[in-house]
Amino acid sequence: MIEVRSLKIDYGSPGSAVRAVDGVDFTLDRGRSLALIGPSGCGKTTILFSISGLLLPTEGTITISGTPVTGPRRDVALILQNAGLLPWKTVWQNANLSLLLSGDYPKQDAGAVLDELGLSEVKDRYPAELSEGMKRRVGIARALSTAPSVMLMDEPLASLDTLTRERIQDLFLTLWRTHKFSLILVTHDIEEAAFLGQEILVLTERPARIKERVENPEMGGLDYRESAAYTQTVRKLREVLEK
Amino acid sequence: MKRTLTYVASICALLFIWEMASIAVNAINNAPLLPGPFNALSQVVKNAAELQHHFLASAWRLILAILIALATGVPLGLTTGREPTLDRFLSPIIYITYPIPQVALILFLFVVFGTGSGTKVAMVALVLFFQILVSARGAAKNIPEEHIISVRSAGASRWQIYWHVILPASLPDILTSVRVSIGLGIAFLYIAETNAALGTGLGGYINKHMLFQRDRAFAGIIALALLGLILYLAVDGLERILCRWKYVSRRAR
């Protein structure tokens, strides 16, 4: 379970600090998914980075499975906007990077995950040789390689064309159901939030506060995009954002 | 094949320009001041053993100086590029000392290291150190933050960030600075070798023959140029191995 309590985050030195997040509270049970949506620059990524341990809260607490977050941890994986691949490492090296950094490689490797994502044939290629969709899949492989219990995604499909974006959203959904990790997705895309979030937190302009919580209990099927519930959730999110 | 032909044509063009310049300079001065390329090349063949001796002396000094400059300039450049406190402390020192013409220190180096190889290597290493330091610092500063976040989020230690991100990301710029350093290093090595008393090295060899046996002096210049060419090709080869990712194309779609 992830618990975020009274989270406040300031940037800058104490005298001239700028508040980025101002009192955010939420709980996410194990295996559930949550989407954070809000205007650009509102502080969504800041919240995500603090859950990943990259940023420490100015006030408030974050705990994962009862343990306070004090830095990056092995059971939490982060997928960045452009997949976060290192151009000088091959697909194999990028996918195994987290395992290598934690000292688990080569005892463990990402071979099975690369197979699952259909990337085994390109494992010796460099990111520059891959399409954007493939790059995102390598980023996912790296995140899955450590079998995390929490998956954090920071606008992971930004700048992809619509069809590729939908294909990878389907892949996220399938992986979330099979690997059973808790998922927190940051996005500015209403459709993406409605497709992948069981609960959606709509944030205010900076400093980020929770404007509204939208439940989305019927999500979870690959055909959810065709349903009336999906259309209704999208409409509801649009209304809240425009308020 | 086409590439080889282009190289051959380029060298022929250079030899032709040199020959024309030689004819023109000698005609204007009515004296054989500038030897033509074929005279110089024949001296290379005639004095091959002696030239090889001087070539090897210059080559190891230059390579040693580059290695010293890399071993000192790269770590210092990368850390100043990434550690703001260290950068604030060292930047003023770099900005003050970088513009000083290091050749002005040559007599001081002779006093410290004597007239042997130590001074020549130290002189060249000092010049190249700044070149490489400034390049490495700039490269480290410009690394996209997403690469750092990517490995930090996976729990990378500071050392791992340097090893997996900062060094490989900066390597192409560092190798470019090594290329620039080869030309600069040869120029300063020549100055250091001609300033040192008689001894081994192409600088001394060229200087010794420049007044009365200019075709032999130009044979030495050809050897210096060859040294530069070999080192350029070596750095190109090294880059193709160490930075293979820069040479790949987008095959998969």
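Summarised in this report is the structure supplied together with it. The shown structure was predicted, so the numbers you read here are calculated from the model rather than taken from an experiment.

Quick notes on the rules
Residues numbered from 1 in each chain as written. Chains lettered and ligands numbered in written order. Predicted model: local features only at pLDDT ≥ 70, side-chain atom pairs only at ≥ 80, totals over all residues. Heavy atoms only, no water. Helix = DSSP H or I, 4+ residues; strand = E, 2+ residues; numbered from the N terminus. Rg over C-alpha atoms; globule rule 2.2 N^0.38 Å. Buried < 20%, exposed > 50% of the residue type's maximum accessible area, 1.4 Å probe, protein only. Contact = heavy atoms within 4.5 Å. Areas by Shrake-Rupley, 256 points an atom, 1.4 Å probe, with all protein chains shown as cover. Lys, Arg positive; Asp, Glu negative; His and termini not counted. Charge placed at Lys NZ, Arg CZ, Asp CG, Glu CD. Polar contact = N/O pair within 3.5 Å; in protein donor to acceptor, adjacent residues only side chain to side chain. Nonpolar A, V, L, I, M, F, W, Y, C, P; charged D, E, K, R; others polar. Pairing = 2+ DSSP bridges. Core = buried A, V, L, I, M, F, W, Y, C linked by side-chain atoms within 4.5 Å. Axes fitted to C-alpha atoms, helices over the stretch in contact; angles between N-to-C directions. Parallel < 35°, antiparallel > 145°, perpendicular 65-115°, else oblique. Left-handed = near helix turned anticlockwise from the far one by under 90°.

1. A closer look at the overall build of chain A
Of the regular secondary structure elements, chain A holds eight helices and 10 strands. Compactness check: chain A gives a C-alpha radius of gyration of 18 Å against a globular reference of 18 Å for 243 residues, within 12% of the reference. Taken along its principal axes, the extent of the C-alpha atoms in chain A is 50 × 45 × 30 Å. When the 243 residues of chain A are sorted by exposure, 56% land in the buried category. For chain A, long-range pairs separated by at least 24 residues make up 67% of all intrachain contacts whose partners lie at least 6 apart in sequence. Carbon together with sulfur atoms contributes 49% to the accessible area of chain A, which is approximately 10100 Å² in total. A gap of 3 Å separates the mean positions of the 29 positive and 32 negative side-chain charges of chain A.

2. Let's talk about the interface of chain B and chain A
Taken together, the 23 residues of chain B in the interface contact 24 residues of chain A. Taken together, the connections running from chain B to chain A amount to seven residue pairs in polar contact (both at pLDDT 80 or more). Counting only elements with at least two residues in the side of chain B that touches chain A, the list comes to helix H7 (145-152) and helix H8 (158-195) of chain B. Considering every element that reaches the side of chain B that touches chain A, the biggest residue donor is H7(B), with six residues. A per-class count over the side of chain B that touches chain A returns 10 nonpolar, seven polar and six charged.

3. What to know about the pairing of strand E3 (residues 33-37) of chain A
All names here are of chain A. Counting buried positions along E3 yields five of five residues, so the element is predominantly enclosed. Of the two faces of E3, the one lined by Ser 33, Ala 35 and Ile 37 and the one lined by Leu 34 and Leu 36 are each fully buried. For E3 and strand E8 (residues 182-187), the ladder comprises five bridges, and the chain directions are parallel. Bridge assignment links Ser 33 to a residue of E8, and that residue is Leu 183. By the bridge criterion, four bridges tie E3 to strand E9 (residues 199-203) in an arrangement that is parallel. Bridge pairing in E9 links Leu 34 to Glu 199.

4. Some remarks on the nonpolar core
By size, the foremost hydrophobic cluster in this structure holds 62 residues, and its most contacted members are B:Leu62, B:Leu78, B:Val151 and B:Ile166. Here this core gets 14 residues from one element, more than from any other, and that element is H8(B). When neighbours within four sequence positions are excluded, B:Leu62 is seen to be in contact with B:Val124, B:Gly185, B:Ile186, B:Leu189, B:Leu227 and B:Leu231. One finds A:Leu130, A:Val138, A:Ile140 and A:Leu144 within the second-largest nonpolar core, a separate group that totals 49 residues.

5. With respect to the packing of helix H6 (residues 117-141) of chain B against H8(B)
Residues and elements named next belong to chain B. At a minimum axis separation of 8 Å, H6 and H8 run at an interaxial angle of 155°. Classified by the interaxial angle, the pair formed by H6 and H8 is roughly antiparallel. The element H6 and its partner H8 pack so that their crossing is right-handed. Of the residues belonging to the contact of H6 with H8, the class tally is 16 nonpolar, six polar and three charged.

By themselves these figures say nothing about function.
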